Amino acid sequence: VQLVESGGGLVQPGGSLRLSCVASRYAFTFSTYRMSWYRQAPGKERELVATITSDGGSANYADSVKARFTISRDNTKNTVFLQMNSLKPEDTAVYYCHAQRVSGYWGQGTRVTVSS
């Protein structure tokens, strides 16, 4: 399974970014995978940011991003999104997409820098 993230970049505090992750593999049934976004800041461990169920019916968030970030998915396009609003410098990290069913798969990450 190949997971390709995009949408990262440099943004000022208070700004917004939308990350995308496209999954591809022959016969990969994206709609059966729980999808998550993780992030890893410099010198810190990777942490879970948000998770969405396979049908998109339920999502959970880390306390640090609740009410600011929204995870969503489009199963017709094998894509999961992370809308990030009211960004803070502490949101600076490499953001990774993760697909989980029996096995788990990681993307290569996209860097988000929040700085003035």
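As the structure is a computational prediction, the values presented were derived from the model and not from experiment.

**Description of the pattern of salt bridges**
Close approach of charged atoms lets side chains of opposite charge pair. A complete count under the given rule lists four salt bridges for this structure. Salt-bridge contacts for Asp91 lead to Arg39; the nearest nitrogen and oxygen are separated by 2.9 Å. Of this pair, Asp91 sits in the loop between strand E8 (79–84) and strand E9 (93–100) while Arg39 sits in strand E4 (residues 34–40), and the two are 52 residues apart along the sequence.

**Details of the state of the cysteines**
According to the stated counting rule, one finds one disulfide in the structure shown. Across a sulfur-sulfur distance of 2.1 Å, Cys21 and Cys97 are joined as a disulfide pair. Across the S-S bond of Cys21 and Cys97 the torsion is about -80°, and the bridge reads as left-handed. Here the residue Cys21 occupies a position in strand E3 (residues 17–24), and Cys97 occupies one in strand E9, the gap between them amounting to 76 residues. The exposure classification of Cys21 matches that of Cys97, with both residues buried.

**Side note on the environment of Thr79**
In this fold, Thr79 is placed in strand E8. Here the alpha-carbon distance between Thr79 and Val102, two residues 23 residues apart in the chain, equals 19 Å. Excluding residues within four positions of it along the chain, Thr79 makes contact with Ser20, Cys21, Val22, Phe30, Arg73 and Asp74.

**Let's talk about the pairing of strand E1 (residues 2–6)**
Side chains Leu3 and Glu5 project from E1 onto a buried face, and the interleaved Gln2, Val4 and Ser6 project onto a face without burial. Note: E1 against E3, five bridges, orientation antiparallel. Of the residues in E3, the one forming a bridge with Leu3 is Ala23.

**As for unusual backbone geometry**
Even without being glycine, Ala67 reaches a positive phi, approximately 75°. Structurally, the position occupied by Ala67 is in the loop between strand E6 (59–61) and strand E7 (69–74). Positive phi, close to 50°, is recorded for Asn78, a residue that is not glycine. As for its position among the elements, Asn78 is in the loop between E7 and E8.

**Side note on the pairing of E9**
The side chains of a regular strand alternate, first on one face of the sheet and then on the other. The element E9 is largely enclosed, with a buried count of seven among its eight residues. Inspection of the sheet shows E4 paired to E9 by seven bridges, in the antiparallel sense. Bridge pairing in E9 links Arg34 to Gln100. The pairing of E9 with strand E11 (residues 110–114) spans three bridges and is antiparallel. Following the sheet pairing, Ala93 is matched in E11 by Val112. Two elements, E9 and strand E10 (residues 104–106), share three bridges in a ladder whose sense is antiparallel. Each residue of the ladder has a partner; that of Gln100, found in E10, is Gly104.

Definitions and limits used
- Residues numbered from 1 in each chain as written.
- Predicted model: local features only at pLDDT ≥ 70, side-chain atom pairs only at ≥ 80, totals over all residues.
- Heavy atoms only, no water.
- Salt bridge = Lys/Arg side-chain N within 4 Å of Asp/Glu carboxyl O.
- Helix = DSSP H or I, 4+ residues; strand = E, 2+ residues; numbered from the N terminus.
- Disulfide = S-S within 2.5 Å.
- Buried < 20%, exposed > 50% of the residue type's maximum accessible area, 1.4 Å probe, protein only.
- Contact = heavy atoms within 4.5 Å.
- Pairing = 2+ DSSP bridges.

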